[in-house]
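Close look at the chain arrangement
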Amino acid sequence: MTKKLTWRDLEVGNIVTEPGNSAERGTGDWRTERPVFDKGICIKCGLCWLHCPDSAIKILDDGYYDVDLFYCKGCGICENVCPKKGAIVMVEEEEK
Amino acid sequence: MSCRVALEASHAVAEAVRMADVDVIAAYPITPQTHIPERLAEMVADGELSAAYIPVESEHSALSACLGAVAVGARTFTTTAGQGLELMHEVVYVASSMRYPMVMVIANRALSAPLSVWGDHSDVMSVRDTGWIQVFAQNNQEAFDLVLWGFRVAEDSRVLTPVMVNLDGFTLSHVTEAVILPEQEVVNSFLPPFHYPFVLNPDKPATHGAFAAPDIYTETKISQEVALRKSKDILLQGWQEFGDMFGRHYRPVEIYRVEGAKTLLLTMGSFTETAKMVIDARRDRGELVGLVSLRLWRPFPFTEFRQAVKEADTLIVLDRSISFGGQGGPVCSEVRSALFSEPKRPVVVSFVGGLGGRDMAEEDFGYVLDRGREVAAKGSPELFETVGVRGEVSGIRDL
């Protein structure tokens, strides 16, 4: 988004007059690992959703959870707090 | 009726701040600026000035509090000196980059170490590149006038940039002179109420001070640079209107007895008044010498400066600080650079003097004029010379 702005487009003092536009900024582009969710093991406790520092875990319609890779930085906190081993596994970005 | 009263520059500044009817003062006392916040605190406590006086725990906090005050639309004042400005340094950049208009008075002081509470220009030169509008007062009346003018131009919607008014520590801050205080009504007509266009408002949320990734930071800096350069017209217009209203006229580059002058001396701040006496005496002896004084330091008045010195053969620059390992005086470095591309330019000779409160008496200015012409005539082997330093100095040459 900001790539298109010239210096003439900026508000005085670079004030951002559009509230909440940080949602448009992808923060997931320096991630090296990503969480992979396994619905077969997940017990829908929601701890991953609660602990994610970037609110990058989304609740699906069926009550399970998945990651929003637009924001996920790959910190691994979700895997760390998950009480069911294997429900969330961090994998290298290079792996498919 | 306006009235003529005896005031030190510190108290003249406090009177200007009171007449400007500021809303918020956040300042931390430090020699030689102390009398300014002291008097303002008194005014607030005695009900002479209806403002919030925030007694902060440091200069860093003082200017930080000022940022918040401007963000809610308050007319805001702070003041510091020397080490205080250094402690404030980080926030100095923030204030100008966020385009928060306010006035800050610096009672110019040397920098430690060794500890010195006395005057020179090391403090202001350390914030030269921070993007503030920077002016110098030569006497107490100017200190008063420039504070009023500072609010007027800083708050102009086409400027929205903070103004730093420099006055020499002790030489002005603690010296009593006659100052003309105008009628409050006249001040009110010169200085309309402050309407900051981006006042924080929960009904219309905005982000002040957002971060900038590499893909936008360059644009933010160019926008700031363009705004500072374009502010010059408004600064001049502000001085024009000030002159029309108060009868005292200010220019970005002040000139004194320059008619036909072959040699010009360049000073800033209070040294200018002593230099005038020396120029008068030399003119009476038939010497073709004149004086140029930079009132506006940032944005640098290139056009007016080049115009002022173009007929001279020699330009002698007197700095009150050293840019270590560089060309000596930062002001001289600046003016040399400003003249470099000119087809006809004077020989520029650099002196440093008045460091850490060392007096520059009339005879010292006389020495600078004589020695400067001598050096210009035979070509300068040294980058700069220090007035009155004990012990021979050699080896200050191009590295």
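Look up: the structure comes first, before these words.
Residues numbered from 1 in each chain as written. Chains lettered and ligands numbered in written order. Predicted model: local features only at pLDDT ≥ 70, side-chain atom pairs only at ≥ 80, totals over all residues. Heavy atoms only, no water.

Comments concerning the environment of Tyr196(B)
Structurally, Tyr196(B) is set in the loop between helix 7 (184–190) and helix 8 (214–246). For Tyr196(B), a relative accessible area of 6% translates into the label buried. Remark: the alpha-carbon pair of Tyr196(B) and Gly73(B), spanning 123 residues in sequence, is separated by 5.1 Å. Residue contacts for Tyr196(B): discarding those within four places in its chain leaves Ile15(A), Val70(B), Ala71(B), Gly73(B), Arg99(B), Tyr100(B), Pro101(B), Leu160(B) and His208(B). (Helix = DSSP H or I, 4+ residues; strand = E, 2+ residues; numbered from the N terminus. Buried < 20%, exposed > 50% of the residue type's maximum accessible area, 1.4 Å probe, protein only. Contact = heavy atoms within 4.5 Å.)

Side note on the interface of chain B and chain A
The interface of chain B with chain A comprises 20 residues on the first partner and 15 residues on the second. Carbon and sulfur atoms supply 68% of the area that chain B and chain A bury against each other, a total of about 1500 Å² over both sides. Three residues stand out in chain B for area buried against chain A, namely Phe198(B), Asp215(B) and Ile216(B), and they jointly supply 29% of the buried area on that side. Applying the counting criterion to the chain B and chain A interface returns 0 salt bridges. On inspection of chain B and its partner chain A, the count reaches 1 residue pair in polar contact (both at pLDDT 80 or more). The element contributing the most residues to the side of chain B that touches chain A is helix 8 of chain B, with 7 residues. Of the residues in the side of chain B that touches chain A, the class split is 12 nonpolar, 5 polar and 3 charged. (Buried area = accessible area lost by both parts, 1.4 Å probe. Salt bridge = Lys/Arg side-chain N within 4 Å of Asp/Glu carboxyl O. Polar contact = N/O pair within 3.5 Å; in protein donor to acceptor, adjacent residues only side chain to side chain. Nonpolar A, V, L, I, M, F, W, Y, C, P; charged D, E, K, R; others polar.)

A look at the pairing of strand 13 (residues 314–319) of chain B
Residue and element names in this part refer to chain B. Extensive coverage of strand 13 is indicated by the burial of 6 of its 6 residues. Here strand 13 shows a buried face lined by Thr314, Ile316 and Leu318 and a second buried face lined by Leu315, Val317 and Asp319. Pairing geometry for strand 10 (residues 263–267) and strand 13, over 4 bridges, is parallel. Looking at the pairing, Leu266 lines up with Val317 of strand 13. Of the strand pairs in this sheet, strand 13 and strand 14 (residues 347–352) are connected by 6 bridges, and their pairing is parallel. What sits directly across from Asp319, in strand 14, is Val352. For the segment spanning strand 13, helix 11 (residues 330–339) and strand 14, crossover handedness is right-handed. (Pairing = 2+ DSSP bridges. Right-handed = clockwise from strand over helix to strand, strands pointing away.)

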